[in-house]
Amino acid sequence: MRLSRYFLPVLKETPSEAQIVSHRLMLRAGMIKQASAGIYEWLPLGFKVLRRLEQIIHEEQAKAGHIPMLMPVLQSADLWKESGRYDAYGPEMLRMKDRHDRDMLFSPTAEELFTDVVRANISSYKDLPLTIYQIQWKFRDEIRPRFGVMRGREFLMKDGYNFDVSKEAALHAYNRHLVSYLRTYERMGLQAIPMRADSGPIGGDYTHEFLVLAETGESEVFYDSEITDLTFGDRDIDFDDVVQCQAVLEEFTSRYARTDETHDEAVFNEIPEDRRRVARGIEVGQIFYFGTNYSEKLGATVQGPDGEKILIHMGSHGIGVSRLIGALIEANHDDKGIIWPEGVTPFHVGIVNLKQGDAETDAACDGIYKALIKAGLDPLYDDRSERAGAKFATMDLIGLPWRITVGPRGLGNGVVELTSRRTGESEEVTPQEAIERIINIYAGVL
């Protein structure tokens, strides 16, 4: 993409309504625009990051054997009345009536819909286990939406649901999701710590939240510092291996890590004092096992091997996709703007032309631009007739991990400048070396 043809409405001033860093930078970088309280228009740059995150989630869900589908955002209230949640959910549920006076609601979650699909189409234990999921917009009518996409009313969410014949099988699905989520967050450049949490209106006996440590987090968290040394890395996981998945769960949840709702001061004090940490965290996902809670209420059963009816065991598993962008920025920024990790950046590299209209400089920029596209990368070429300082400020604000700066003086010596956004370090290399360096950087990421 050439910046002269792109829609990137960056702001020089910080909007007064933005209270936290991610909200300020998303507005200033032209990623979002507020449509109404807690509801945002996703402009091209923000939409591009959303799609990057969705791609990673889909890839990791596929590796775990989970199947994507799509549910409507508007639901009939009938299923919610059948499950007992229509009145119990609270004022966060946006309720409405259609022209036939039927009760409808804007989906805050989708346990009922997914259970209904399975009960209507699955009748034998031989058809299980099954995990299906969607990435779809949700709406929860927050009384006080704030912090931009971190606590909005409309949000993009991955929600998945497992259906199993027994508690043991469902707990393996729980463990499988924990493993896939650890892989997902690390690919995004985030350390998301699984913490024992409260199930809230979803219900369930087993639940962990994944939280990213940040000063602006809405939750107070208590944890053993040893947990921040854990990484999943490149290990090869067989998602059908019950023992292997259970071992990962134990590795990442055996140390103390809890949100304020489940914090136990006595247990926390058993940790050596130098390892006790109290901080704040941003919730970016949660997994639940809730047994037969929904299958009992909605009559979701299968025929067992002996012909008896078996209630299906279930769990649900969510990732806040739009909220993740706020968390990523809170964890990756400086006073100049955003610093995207390579795995989620909207463009892989920025190319800055220091003298637009100069034949040699234009030709060098075009050559680098086309070579990177040919290599399967997505560069952003700043070909505007702007002063150099403005171009650098834009690149720093939108946070692309790498910048290639091309100017007549450098080209006279046969070099361009390759700059890391995270470290600020620059080095002079030939145009071909710059191309090869960028290709090699992303070879292990894409």
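Our subject is the structure listed above.
Note that the structure is a prediction, hence the values are computed from the model and not measured.

Novice: Would you explain the overall build of the protein chain in this entry?
Specialist: Each helix and strand counted, the protein chain has 14 helices and 23 strands in total. Against the globule reference of 22 Å for 446 residues, the protein chain gives a C-alpha radius of gyration of 24 Å, in line with a compact fold. Each of the three principal axes of the protein chain carries a C-alpha extent, and together these read 80 × 60 × 45 Å. A burial count over the protein chain gives 54% of its 446 residues as buried. When the accessible surface of the protein chain is summed, it comes to about 19,700 Å², and 48% of that surface belongs to carbon and sulfur atoms.

Novice: Please explain the pattern of salt bridges as it appears in this structure.
Specialist: Opposite charge on two side chains lets them pair, provided their charged atoms get close. Following the criterion strictly, the structure yields 31 salt bridges and no others. Where Asp 159 meets Lys 138, a salt bridge forms, and the shortest distance between an N and an O atom there is 2.9 Å. A residue pair is termed long-range when its members are at least 10 positions apart, and Asp 159 in strand β8 (residues 154-164) and Lys 138 in strand β7 (residues 130-139) qualify at 21 residues. The same class applies to Asp 159 and to Lys 138, which are both buried. One network of salt bridges, in which partners are shared, links Glu 59, Glu 60, Lys 63, Arg 183 and Arg 187.

Novice: I'm lost on the layout of surface pockets in this one. Help?
Specialist: To find the voids left in a structure, one rolls a probe of water-molecule size over its atoms. Here the second largest pocket defines a volume of roughly 490 Å³. Taken together, 20 residues line the second largest pocket, and the ones lying closest to its centre are Glu 60, Arg 187, Gly 444, Val 445 and Leu 446. Split by residue class, the lining of the second largest pocket holds four nonpolar, six polar and ten charged.

Novice: Looking at this structure, how should I read the environment of Gly 343?
Specialist: Mapped onto the elements of the fold, Gly 343 is located in the loop between β18 (337-338) and β19 (349-353). Along the primary structure Gly 343 and Tyr 442 are separated by 99 residues, whereas in three dimensions their C-alpha atoms are 8.3 Å apart. Among all residues touching Gly 343, those that are not within four sequence positions of it are Ile 56, Arg 187 and Val 445.

Novice: Would you mind going over the nonpolar core with me for this structure?
Specialist: Nonpolar side chains in soluble globular proteins tend to end up buried together. Counting 76 residues, the largest nonpolar core has Met 31, Leu 53, Tyr 185, Phe 210, Val 284, Ile 325 and Trp 340 as the members making the most contacts within it. The greatest single-element share of this core, amounting to seven residues, is contributed by helix α6 (residues 167-187). With residues up to four places along the chain from it excluded, the contact list for Met 31 reads Met 26, Glu 41, Trp 42, Leu 43, Leu 45, Gly 46, Val 49, Ile 325, Ile 329, Ile 338 and Trp 340.

Novice: Quick question: what am I supposed to make of helix α12 (residues 388-398) here?
Specialist: The periodicity of an α-helix, 3.6 residues per turn, causes residues three or four positions apart to be oriented the same way. Within the sequence span of α12, burial applies to Ala 390, Lys 391, Thr 394, Met 395, Asp 396, Leu 397 and Ile 398. On its buried side, α12 packs onto α1 (21-28), α2 (44-63), β18, β19, β20 (379-382) and β21 (402-406). Of the residues trailing α12, Gly 399 is marked for its positive phi of about 80°.

Novice: What is the right way to read unusual backbone geometry from this model?
Specialist: A negative phi angle is the norm for most residues apart from glycine, just as the trans form is the norm for most peptide bonds. Between Leu 128 and Pro 129 the backbone carries a cis peptide bond, its omega angle lying at 10°. Secondary-structure assignment places Pro 129 in the loop between α5 (111-121) and β7. You will see that Asp 101, though not glycine, has its phi angle at about 65°, which is positive. By relative accessible area, which is 54% here, Asp 101 ends up exposed. Backbone geometry at Phe 147 places phi at a positive 65°, although glycine is not the residue there. Among the structural elements, Phe 147 can be located in the loop between β7 and β8.

Novice: Teacher, can you tell me more about the sheet that holds strand β22 (residues 416-420) here?
Specialist: As a general point, the strands of a sheet are linked pairwise by backbone hydrogen bonds and lie either parallel or antiparallel. The five strands are arranged β20-β19-β21-β22-β23 in an open sheet whose pairing can be described as mixed. Each of the sheet's edge strands pairs with one partner strand only, and the pair in question is β20 and β23 (426-429). Mean inter-strand twist for the sheet, computed between neighbouring axes without regard to direction, equals 20°. Alignment of β21 against β22, held across four bridges, turns out to be antiparallel.

Novice: In this structure, what is going on with the pairing of β8? I would like to understand it.
Specialist: As a general feature of sheets, a regular strand has side chains that alternate between the two faces. The buried fraction of β8 amounts to ten of the eleven residues, a majority that puts the element mostly inside the structure. Relative to β8, β7 is paired through ten bridges, and the arrangement is antiparallel. Along β8, the bridge assignment pairs Trp 137 with Leu 156. When β8 meets strand β16 (residues 313-320), the two strands line up antiparallel, connected through eight bridges. Residue Lys 158 lies in a different strand from β16, and its bridge partner there is Ile 319.

Novice: What exactly am I supposed to notice about empty space enclosed by the protein here?
Specialist: Under the defined criterion, the tally for this structure stands at four cavities of 30 Å³ or more. Size it by volume and the largest cavity reaches roughly 90 Å³. As for the largest cavity, its lining consists of Leu 182, Tyr 185, Glu 186, Leu 190, Gln 191, Ala 192, Ile 193, Pro 194, Ile 227, Leu 230 and Phe 252. Among the secondary structure elements, those contributing two or more residues to the lining of the largest cavity are α6 and β9 (193-196). Per-element accounting of the lining of the largest cavity gives the leading share, three residues, to α6.

Novice: Quick question: what am I supposed to make of the sheet that holds strand β4 (residues 74-76) here?
Specialist: If you trace the three strands from one edge of the open sheet to the other, you get β4-β6-β5, paired in antiparallel fashion. Two strands in the sheet have a free side with no partner beyond their single neighbour: β4 and β5 (94-97). Going from strand to strand, the sheet's axes swing by 35° on average, the running direction of each strand aside. As defined by bridge partners, β4 adjoins strand β6 (residues 103-106) across three bridges and the pair is classed as antiparallel. Of the residues in β6, the one forming a bridge with Leu 74 is Phe 106.

Cut-off values and rules
- Residues numbered from 1 in each chain as written.
- Predicted model: local features only at pLDDT ≥ 70, side-chain atom pairs only at ≥ 80, totals over all residues.
- Heavy atoms only, no water.
- Helix = DSSP H or I, 4+ residues; strand = E, 2+ residues; numbered from the N terminus.
- Rg over C-alpha atoms; globule rule 2.2 N^0.38 Å.
- Buried < 20%, exposed > 50% of the residue type's maximum accessible area, 1.4 Å probe, protein only.
- Areas by Shrake-Rupley, 256 points an atom, 1.4 Å probe, with all protein chains shown as cover.
- Salt bridge = Lys/Arg side-chain N within 4 Å of Asp/Glu carboxyl O.
- 1 Å grid on protein atoms, 1.4 Å probe; cavity = no way out; pocket = protein on both sides within 12 Å on 5 of 7 lines; lining within 4 Å.
- Points joined across faces, edges and corners; volume = space filled by probe spheres on them.
- Nonpolar A, V, L, I, M, F, W, Y, C, P; charged D, E, K, R; others polar.
- Contact = heavy atoms within 4.5 Å.
- Core = buried A, V, L, I, M, F, W, Y, C linked by side-chain atoms within 4.5 Å.
- Pairing = 2+ DSSP bridges.
- Axes fitted to C-alpha atoms, helices over the stretch in contact; angles between N-to-C directions.

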